[in-house]
Amino acid sequence: MIKRSDIVMLGINAAVVGSLVGGLMLGIGLGLVATGANIGWLLLLPAAPAAGMVGWLLGRQLAKRV
């Protein structure tokens, strides 16, 4: 059975790890685009979906415990 504390920790973990992953991708990609390297768009555009994917994967891991 999933407890309330498990859901709270899932939210905290997803927020922290998702913001780190998305922020790093966004920062590095934006830095590359600003310097004129078009390869930066490959990091810049999927930054938000990649950050959300972390929360989705953590949620699936929690759901497997049920």
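This one's a predicted model, so the numbers in the text were calculated from it and none came from an experiment.

1. Re helix 3 (residues 47-64)
- Helix length check: helix 3 (18 residues) gives 26 Å between terminal C-alpha atoms against 26 Å at 1.5 Å per residue, within 8%.
- Listed as buried for helix 3 are Ala 47, Ala 51, Val 54 and Leu 62. With its buried residues spanning 75° around the axis, helix 3 presents them on a single face. In helix 3, those exposed residues whose orientation departs by more than 90 degrees from the buried face are Ala 48, Pro 49 and Lys 64.
- Its buried side turned inward, helix 3 meets helix 1 (4-34) and helix 2 (41-44).

2. Notes on the confidence of the model for the chain
- Confidence in the prediction of the chain, expressed as mean pLDDT, is 91, and 100% of residues score 70 or more.
- Mean pLDDT in the chain bottoms out at helix 3, which sits at 89, and peaks at helix 2, which reaches 93.

3. Considerations on the side chain of Asp 6
- Along the chain, the position of Asp 6 falls in helix 1.
- Among residues more than four places away in sequence, those in contact with Asp 6 are Met 1, Leu 62 and Arg 65.

4. Thoughts on helix 1
- Between its first and last C-alpha atoms helix 1 spans 44 Å; for 31 residues at 1.5 Å apiece the expected length is 45 Å, and the two agree.
- Buried within helix 1 are the following residues: Asp 6, Ala 14, Gly 18, Gly 22, Met 25 and Gly 29.
- Buried residues in helix 1 make contact with helix 2 and helix 3.
- Gly 36 sits one or two positions beyond helix 1 and adopts a positive phi of about 100°.

5. Thoughts on the packing of helix 1 against helix 3
- Their axes nearest at 8 Å, the elements helix 1 and helix 3 cross at an angle of 155°. One finds that helix 1 runs roughly antiparallel with respect to helix 3. With respect to the hand of their crossing, helix 1 and helix 3 are arranged in right-handed fashion. Residue-level inspection shows Asp 6, Leu 10, Asn 13, Ala 14, Val 17, Gly 18, Val 21, Gly 22, Met 25 and Leu 26 of helix 1 in contact with helix 3, the latter providing Ala 47, Ala 50, Ala 51, Val 54, Gly 55, Leu 58, Gly 59 and Leu 62.
- Across the contact of helix 1 with helix 3, the residue classes tally to 12 nonpolar, 5 polar and 1 charged.

Reading guide: rules and limits
Sequence order as written defines residue numbering, which begins from 1 separately in each chain. A pLDDT threshold of at least 70 governs which residues receive local features in this predicted model, and a stricter bar of 80 or more applies before side-chain atom pairs are shown or counted, although totals over entire chains, interfaces and linings include all residues. Each side-chain value is worked out from all heavy atoms of the structure, with water and hydrogens disregarded. Secondary structure elements are defined from DSSP: runs of H or I of at least 4 residues count as helices, runs of E of at least 2 residues count as strands, and each element is numbered from the N terminus. In this scheme, a helix's expected span is set at 1.5 Å multiplied by one less than its residue total. Here's how the labels work: a residue is buried when its accessible area is under 20% of the maximum for its type, exposed when over 50%, partly exposed in between, all with a 1.4 Å probe on protein chains only. What the arc measures is the spread of directions leading from the helix axis to the C-beta atoms. We call two residues in contact whenever any of their non-hydrogen atoms come within 4.5 Å of each other. One confidence number per residue, pLDDT, is output by the predictor and ranges from 0 to 100. Interaxial angle, 0 to 180 degrees, is taken between N-to-C directions of lines fitted to C-alpha atoms, where a helix line uses only the stretch in contact. Orientation is classified from the angle alone, with under 35 degrees giving roughly parallel, over 145 giving roughly antiparallel, 65 to 115 giving roughly perpendicular, and any other angle giving oblique. Crossings are classed by handedness, with left-handed meaning an anticlockwise turn of the near helix from the far one by less than a right angle and right-handed meaning a clockwise turn. Amino acid classes used here: Ala, Val, Leu, Ile, Met, Phe, Trp, Tyr, Cys and Pro are nonpolar; Asp, Glu, Lys and Arg are charged; the rest, including Gly, are polar.

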